[in-house]
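Coordinates in review
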Amino acid sequence: IKGDQELIEQYQDLYPMILDMVSLSDILRRSREEQGALDFDVVETKILVDNTGKPIDVVARTRDKAEMLIEDFMLAANEVVAETLNHLEYPCCYRVHEDPSKERLTNLAPLLATVGVKLGNIGNGVKPKVLQKALQKIKGTSSEIALNSLLLRAMAKARYDSNCLGHYGLAMQYYCHFTSPIRRYSDLETHRIINELIIKPNKKFDETLMHFNNVIGEICLQVSETEKKAVELERKVDDMKSAEYMQSYIGKIFNGTITSVTSFGIFVMLENTIEGLVHIKNMPDFYDYDEKNMCLIGNYSKEVYNIGDHVKVRVLDANKGTGKIDFLVVEHKMRKGNKK
């Protein structure tokens, strides 16, 4: 809205407040960054469909300033609610995120070292600030997307718990879900607790408190499990629609980046965020998998396929039923610093 005079005049009563909100949003974001909050800049897929449900385009989903502003205030509200309920010793469906897997971070350390990132003594635990600096260091590099994804996988999965265990990724001691009561049951339960214990307590306060204390643990388990199922379903739908979209491009060549390397092949993400597999059987050499450095090394050519390498791939197959997409490498540009 800033700079658009016509729009400013249309909303002149709200404009000063919006400017204040932008300033406060920046303060909140800086404060979280100073605490060590992690911002995994992972590319999300946005699938556009026609009125029959057929995918017509796949693009990278972007966050604009307005969305980030709303997110900043939502996080602040969630934190305040969790801290208030904790200090009152009332039950709460906390959103918790525990420390990352030391084993996974240890396995990632050699790969991160190739781009100049050191995690220090992982055995003593890695503070959010350390990972925050790592994310900042890899930002803008050819390996950014892949390393962000790998670091994210090393994180513990966020879940719900009746105990206040803190949120590692947000670097917050107190955190719950409060701001989406229509969409999430955890938020709805938080609203019920606040309403019946704080806003409109009745003569049966002790009985109501006991009820919430008795059910909160089971609720946390249930919403954690249903969230897993929802995420899994969402991922399957994205894979299915992406494969359906790519069926129209079989035989076509696209630019991509290697996002993962396994013993059975390499995963490549296209510029439109669609990811597919180059199976080792479709590669021109026999390869050894270097597990420590997460790369494939050709037996005869000595060509090395690393995470972050740029490739051109041809679409071999796309199966809507399985959600699988197969690629073939037609050109390989190695990540800077690697040698064939």
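One structure accompanies this document, and this report is about it.

How each quantity is defined
- Residues numbered from 1 in each chain as written.
- Predicted model: local features only at pLDDT ≥ 70, side-chain atom pairs only at ≥ 80, totals over all residues.
- Heavy atoms only, no water.
- Helix = DSSP H or I, 4+ residues; strand = E, 2+ residues; numbered from the N terminus.
- Expected span 1.5 Å × (residues − 1).
- Buried < 20%, exposed > 50% of the residue type's maximum accessible area, 1.4 Å probe, protein only.
- Arc of directions from axis to C-beta.
- Contact = heavy atoms within 4.5 Å.
- Pairing = 2+ DSSP bridges.
- Axes fitted to C-alpha atoms, helices over the stretch in contact; angles between N-to-C directions.

1. Digging into helix α2 (residues 15-35)
Helix length check: α2, at 21 residues, gives a terminal C-alpha distance of 31 Å against a target of 30 Å (1.5 Å per residue), a fit within 8%. Within α2, the full set of buried residues consists of Y15, S25, R29 and R32. Looking straight down α2, one finds its buried side chains confined to an arc of 90 degrees; they lie on one side. More than 90 degrees from the buried face of α2, the exposed residues found are E34 and Q35. Residues of α2 that are buried make contact with α1 (5-10) and α3 (65-88). Taken from the residues just after α2, G36 is the one with a positive phi, measuring 105 degrees.

2. So, the sheet that holds strand β8 (residues 287-290)
The strands that make up a sheet pair up through hydrogen bonds in the backbone, lying either parallel or antiparallel. Ordered in space as β8-β9-β10, the three strands form an open sheet in which the pairing is antiparallel. In the strand order of this sheet, the two ends are held by β8 and β10 (304-306), each with one partner. The mean angle between the axes of side-by-side strands here comes to 20 degrees, regardless of whether they run parallel or antiparallel. With three bridges connecting them, strand β9 (residues 295-298) and β10 associate as antiparallel partners.

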